[in-house]
Amino acid sequence: MTSPPSAPPRRRALRGPAVTFRADPFLDDPSRALVHEPDALILVEDGHITRFGAFDALRDAIPEGTPVTSYPDCILSAGFVDTHVHYPQLPMIAAYGEQLLEWLERYTFPTEARFADPVHAGQVARRFLRELLRAGTTSAAVYCTVHPQSVEAFFAESARLNTRMVAGKVLMDRNAPDGLRDTPQGGYDESLALIDRWHGRGRQLYAVTPRFAATSTEEQLDLAGSLLRQRDGLFMQTHLSENQAEVDWIRQLFPRRRSYLDVYAHAGLVGPRSVLGHGIHVDEENFCTCHAAGCALAHCPTSNLFLGSGAFRLFDAVDPRRPVRVGLGTDIGAGTSLSQLQTLNEAYKVAQSTGRRLHPAQAFWLATAGGARSLYLDDRIGTIAPGMEADLCVLDPRATPLMAQRAERCETIEDLLFVLMMLGDDRSVRATYVAGELLHDRDAAPQAA
Ligand SMILES: [Zn+2]
């Protein structure tokens, strides 16, 4: 909807300490890559950031009548970006006992079957997006189910909130129960209809979404590749080399392919805006292919630990000699939290277990600018700068008594960010702004249901 020419711009200003990035802290010195403005002003007009800098330098630039909201004890950041998550699995988070393949059979498929009902899909989509905003996450790459109505419900709710989301219908034509399988042509036609309805509509973007190579025939994967060529700017998301039993199964199903990644590459699915979930059991040749193709890996540490899948080799992936784009994923329902702070907590531990140290600036880069870059959306989201979309979260590093006493000992912004990522969760998200609008306020009185 466009405003009449006479409508005044919608303006607001946020003031407080702020962090963002001027460079990639995996390629540059992390402390130099991090921008820290101890008393910043962010000016927002019609959903975009127009000014960002020191409050003292910008105070005279605030247009008269602009409301200024101050968060002196918090940290303003770009909203978090989740590059791999399944909204229909929210109801089955924390499902006991299994590893990947049995977990899919026992918990995931029955849960996803319920999304044939559009009312149920709408209810879960609403709850999921509300939880994302409570976690400070403003953009995500989201799997729906095989049912087109699950996609419709998700985009409808995202459009209502005006969140920038990437999502798509799961393609799955084999090795799944009745009611959860499509056909190569049926999946193609349904996807194309959804693309025409939602891709580029407002802030919504479409991802062609074959679940993984075991649940799609070669014919379906080839058609997914041809779908990607039908419209500009489409995304592709799937899973890659998460679990050893899964990798062995793919080798049996596709004996002619050199590797799991090659199954997707052969179908034309590996390129810019392709996001491959996990990528744990991969080799140097796979990393080189990802780098050359420009695709991204979604690192999902809470999920990998929960399902016992293995340890992602983050620092091998981002090796400056051939860096692969990496974002963070919560991977609900195998992941155990929608919070990127909790996800960073586990990412730090996984890095430690591989003998590496995840610097807080590198961590927050993954959760914001790096995630945006892995989705090729870094010209719109992921940093605080003029021209960027005003998706922001306000982090409270003293949200709990434990955090408050630890924060007292912090002498640097890096240390304070480390406290947030190790001890923080949704309680540390004071507020979330989407396109300049306040959509989550932790301290507001609860609304009537
Ligand atoms: Zn997943």
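Residues numbered from 1 in each chain as written. Predicted model: local features only at pLDDT ≥ 70, side-chain atom pairs only at ≥ 80, totals over all residues. Heavy atoms only, no water.

Draft legend 1. Main features of the overall build of the protein. Each helix and strand counted, the protein has 17 helices and 17 strands in total. Computed over the C-alpha atoms, the radius of gyration of the protein is 21 Å, within 12% of the 22 Å expected from 2.2 N^0.38 for a compact globule of 449 residues. Along the first, second and third principal axes, the C-alpha set of the protein runs to 65 × 55 × 40 Å. Expressed as a percentage of the 449 residues in the protein, the buried residues total 60%. Sequence-distant contacts in the protein: of pairs separated by 6 or more residues, those separated by 24 or more amount to 75%. (Helix = DSSP H or I, 4+ residues; strand = E, 2+ residues; numbered from the N terminus. Rg over C-alpha atoms; globule rule 2.2 N^0.38 Å. Buried < 20%, exposed > 50% of the residue type's maximum accessible area, 1.4 Å probe, protein only. Contact = heavy atoms within 4.5 Å.)

Draft legend 2. Spatial organisation of the coordination of the zinc ion. Those donors, His 84 (NE2), His 86 (NE2), His 239 (NE2) and Asp 331 (OD), are the protein atoms that reach the zinc ion, and they lie 2.1 to 2.3 Å from it. Around the zinc ion, the four donor atoms sit at angles spanning 88 to 170 degrees, and that spread fits a shape best called irregular. Positions of the donor residues of the zinc ion, expressed as sequence spacing, correspond to H-x1-H-x152-H-x91-D. Of this pair, His 86 sits in strand β6 (residues 80–86) while Asp 331 sits in the loop between β14 (325–328) and α13 (340–353), placing them 245 residues apart in sequence. (Donors = N, O, S within 2.8 Å, 3.2 Å for Na, K, Ca; no water. Tetrahedral: all angles 85-135°; square planar, octahedral: opposite > 155°, others 65-115°.)

Draft legend 3. Summary view of unusual backbone geometry. Between Ile 332 and the following residue, Gly 333, the backbone shows a cis peptide bond with an omega angle of 5 degrees. Take Gly 333: it is sitting in the loop between β14 and α13. At His 278, a residue that is not glycine, the phi angle is positive and equals roughly 85 degrees. Its identity as a non-glycine residue notwithstanding, Ala 435 has a phi of 45 degrees, on the positive side. Its place among the elements puts Ala 435 in the loop between β16 (429–434) and β17 (437–441).

Draft legend 4. Region of the structure containing the packing of aromatic side chains. Taken as a whole and judged by the stated rule, the model has 13 aromatic pairs. Where Phe 26 meets Phe 315, the ring centres are 5.7 Å apart and the plane angle is 65 degrees; that geometry is what we call edge-to-face. Here the residue Phe 26 occupies a position in the loop between β1 (11–21) and α1 (30–33), and Phe 315 occupies one in helix α12 (residues 314–317), the gap between them amounting to 289 residues. The same class applies to Phe 26 as to Phe 315, namely buried. Aromatic pair Tyr 87 and Phe 115: ring centres 5.6 Å apart, planes at 85 degrees, arrangement edge-to-face. Of this pair, Tyr 87 sits in the loop between β6 and α3 (100–113) while Phe 115 is found in the loop between α3 and α4 (118–134), placing the two residues 28 residues apart along the sequence. Both residues of the pair, Tyr 87 and Phe 115, count as buried. In this structure an aromatic cluster arises from ring pairing among Tyr 87, Phe 115, Phe 128, Phe 154, Phe 155, Trp 198 and Tyr 206. For the cation-ring pair, Arg 201 lies above Trp 198, with the distance from its terminal atom to the ring centre recorded as 4.2 Å. Over the face of the ring belonging to Tyr 376 we find Arg 325, whose NZ or CZ atom lies 3.8 Å from the ring centre. (Phe/Tyr/Trp six-rings, centres within 6.5 Å; stacked < 30°, edge-to-face > 60°. Lys NZ or Arg CZ within 6 Å of the ring centre and 35° of its normal.)

Draft legend 5. The state of the cysteines, seen in detail. Tallying each qualifying case throughout the model produces zero disulfides. For the unlinked cysteine Cys 300, the closest cysteine sulfur is that of Cys 290, found at 14 Å. The thiol of Cys 410 is unpaired, and the distance to the nearest cysteine sulfur, on Cys 74, comes to 14 Å. Cys 410 sits in the buried class, given a relative accessible area of 17%. (Disulfide = S-S within 2.5 Å.)

Draft legend 6. Fine view of the pattern of salt bridges. One pass over the full model with this rule turns up 33 salt bridges. With a shortest N-O distance of 2.5 Å, Arg 134 and Asp 426 are connected by a salt bridge. Here Asp 426 lies in the loop between α17 (413–423) and β16 and Arg 134 lies in helix α4, a separation of 292 residues in the sequence. Accessibility expressed as a relative area gives 27% for Asp 426, which makes it partly exposed. Members of the salt-bridge network, linked through shared partners, are Asp 396, Arg 430, Asp 441, Arg 442 and Asp 443. (Salt bridge = Lys/Arg side-chain N within 4 Å of Asp/Glu carboxyl O.)

Draft legend 7. Layout of the packing of helix α5 (residues 148–161) against helix α6 (residues 184–198). In contact at an axis separation of 11 Å, α5 and α6 are set at 15 degrees when each is read in the N-to-C sense. Judged by the angle between their axes, α5 and α6 are roughly parallel. The element α5 and its partner α6 pack so that their crossing is right-handed. Judged by residue contacts, Pro 148, Val 151, Glu 152, Phe 155, Ala 156 and Ala 159 of α5 engage Glu 190, Leu 194, Arg 197 and Trp 198 from α6. (Axes fitted to C-alpha atoms, helices over the stretch in contact; angles between N-to-C directions. Parallel < 35°, antiparallel > 145°, perpendicular 65-115°, else oblique. Left-handed = near helix turned anticlockwise from the far one by under 90°.)

Draft legend 8. Seen up close, α13. Under the 1.5 Å per step criterion, the end-to-end length of α13 is 20 Å for 14 residues, consistent within 8% with the ideal 20 Å. Burial within α13 is extensive, with 10 of its 14 residues counted as buried. Two to three positions downstream of the cap, the backbone nitrogen of Leu 341 sits 3.1 Å from a side-chain oxygen, assigning the N-cap of α13 to Ser 339. Positive backbone phi, approximately 80 degrees, marks Gly 355, located one or two places after α13. (Expected span 1.5 Å × (residues − 1). Polar contact = N/O pair within 3.5 Å; in protein donor to acceptor, adjacent residues only side chain to side chain.)

Draft legend 9. Up close: the pairing of β14. Of the two faces of β14, both are covered, the one formed by Arg 325 and Gly 327 as well as the one formed by Val 326 and Leu 328. Sheet topology places strand β13 (residues 296–299) next to β14; four bridges connect them, and they run parallel. Residue pairing for β14: His 299 is matched across the bridge by Leu 328. (Pairing = 2+ DSSP bridges.)

Draft legend 10. Representation of the side chain of Thr 343 within the structure. As for its placement among the helices and strands, Thr 343 is situated in helix α13. Using a relative accessible area of 0% as the deciding quantity, one classes Thr 343 as buried. Of the polar contacts made by the side chain of Thr 343, one reaches the backbone oxygen of Ser 339; its length is 2.8 Å. Setting aside chain neighbours within four positions, we find Thr 343 in contact with Pro 301, Thr 302, Leu 328, Gly 329, Thr 330 and Ser 337.

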